[in-house]
Amino acid sequence: MNQTTTGGSPAHTGSRGSRIVGLLAAGGAVALLVFALVLSPADRIQGEAVRLMYLHVPAAICMYLCVGLLGLGSAMWLVKKTPGWDVLAAAAAEVGLVFTALTLLTGMLWGRPTWGVYWVWDARLTTTAMLAVLLAGYLALRRVPAAAESRSRRAAVAGLLVVIDLPLIHYSVT
Amino acid sequence: MLADARLIAGKDLRIERRARVATNQVAPFALLVLVLFAFALDPDRGILDRATAGLYWVAVLLSTVLAVQRAYALESTDGLPDALRLSGLDPAAVFLGKTAALALQLLVLEAVLLAGVALLYTTELAGPALLAATCLAATLGLASAGSLYGVLAAGLRVRETLLPLLLLPVVAPVLIGATRAFEAALAGTPGEGWPWCGLLAIFAAIYVAFGMLAFGPLMEEL
């Protein structure tokens, strides 16, 4: 993503460490797919549909991780006011929305053969759907043209609110 | 700080009393929503009766968006943002004042809407204590979240379209909690509604506290 280079921050987030982590992640993803789609047997009850779980569960874990990073980046920006934390929050929200969508999509595809329907108004499903809307709203706020610091400030508060609201939504739909 | 908050709330309410936007536009809009629900849900088949609590709170939520937009449209003209920043008022007090003014307007609106559902949907208003407590707690939550997101979107050119997208998912717990509490009250089993009322109070407490902390930095953006 484009980022400003004010305040002596690096122009990119690439570093030797991040490249190593990236390579490990790419290797891990390949290994996951080989095990999930080829090497593992079909489930006795769920049949081939169980293979969706090998994608669904890691996607959900990444989704929660991204929400945590969004909260961390937003809170730290409010404390330190350095662009790096804002970039972290923005990237976490973007990646988080992708994983939220992936979690919902694989969950629905799994739900159709297993439960007979694509969607039930269950607490976890509803909370995840609301998270997708909250992240979309956060990203929409970020896309509004504004001065860099002004945008960062709004985004930091909005990002924290996403994290604060999530348990309230979860509790209210349970 | 409370004196400052009273000053801001008094100012907003005085402007509303003179401009009458809330009484001439927001309240009629809310009643219109109730009428539209009745058209959509065929009043003869008893659906309205079962859905009253949900429809009531959806109408309140939609009106809240209008009221929040109005509350910050007041501050955005004639160099008022600068005046507010230079006034030396504590940002937390400004937040409390805006929230209080908004909450008071919403409470009046909710009373009008309650009369509306009682008349139009022939709903019997059982469990008045729970109804009143739910309205109070939900309104405080809506007003504090509304004030916070209102100022977040205030200085932006796209605020009219952005505010509903930001605010409505965030206040979803209020819609759910208030609807469940109302359903319990109207069904004559208020015991089941009080825990929901507690959730609404927690929501309100969190947003009031967060708003008092976050309003300072956001006032720069007004």
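Residues numbered from 1 in each chain as written. Chains lettered and ligands numbered in written order. Predicted model: local features only at pLDDT ≥ 70, side-chain atom pairs only at ≥ 80, totals over all residues.

## Some details on the overall build of chain B
Where we set the bar: Helix and strand labels come from DSSP, where a helix needs a run of H or I of at least four residues and a strand needs a run of E of at least two; each type is numbered from the N terminus. Only C-alpha atoms enter the radius of gyration; for comparison, a globular chain is expected to reach 2.2 Å times N to the power 0.38, where N is the number of residues. Three classes are used. A residue is buried when 20 or more other C-beta atoms lie within 10 Å of its own, exposed when 12 or fewer do, and partly exposed in between, with C-beta atoms placed from the backbone. Here, residue contact means that the backbone-derived C-beta atoms of the two residues sit within 7 Å.
Secondary structure summary: chain B contains 9 helices and 0 strands in total. Secondary structure of chain B in N-to-C order comes out as α-α-α-α-α-α-α-α-α. Expected size for 222 residues packed as a compact globule is a radius of gyration near 17 Å; at 18 Å, chain B falls within 12% of this value. Referenced to the eigenvectors of the C-alpha coordinate spread, the extents of chain B come out at roughly 55 × 30 × 30 Å. Burial status across chain B gives 50% buried among its 222 residues. Counting only contacts in chain B whose residues sit at least 6 apart along the sequence, the fraction spanning at least 24 positions is 83%.

## Focus on the domain arrangement of chain A
All names here are of chain A. Stated formally: Domain ranges listed in this record stem from an automatic or a database domain assignment. Residues are sorted three ways: Asp, Glu, Lys and Arg are charged, Ala, Val, Leu, Ile, Met, Phe, Trp, Tyr, Cys and Pro are nonpolar, and all the rest, Gly among them, are polar.
Domain boundaries assigned for chain A yield domain 1 (13–42) and domain 2 (46–173). For domain 1 and domain 2, the distance between their C-alpha centroids amounts to 22 Å. Taken together, the 5 residues of domain 1 in the interface contact 7 residues of domain 2. Along the lines of polarity and charge, the residues of the side of domain 1 that touches domain 2 split into 4 nonpolar, 1 polar and no charged.

## Some details on the confidence of the model for chain B
Low-pLDDT stretches of the model should not have their predicted coordinates read in fine detail. What counts is decided by this rule: You can read pLDDT as the predictor saying how much it trusts each residue, on a scale of 0 to 100.
Model confidence for chain B is summarised by a mean pLDDT of 89, while 100% of its residues fall at 70 or above. This prediction of the complex comes with two scores: 0.86 for pTM and 0.84 for ipTM.

## A word on the interface of chain A and chain B
Each partner contributes residues to the interface: chain A has 20 residues there, and chain B has 21 residues. Mapped by element, the contributors of at least two residues to the side of chain A that touches chain B are α4 (123–143) and α5 (148–173) of chain A. Here the side of chain A that touches chain B takes 13 residues from α5 of chain A, the largest share from any one element.

## So, unusual backbone geometry
At K81 of chain A, a position not held by glycine, the phi torsion is positive, near 60°. Relative to the helices and strands, K81 of chain A resides in the loop between α2 (51–80) and α3 (83–115). Even without a glycine there, the phi angle at T122 of chain B is positive, about 45°. Checked against the element boundaries, T122 of chain B lands in the loop between α5 (91–120) and α6 (128–154). Residue class for T122 of chain B comes out exposed when judged on the 11 C-beta atoms lying within 10 Å of it.

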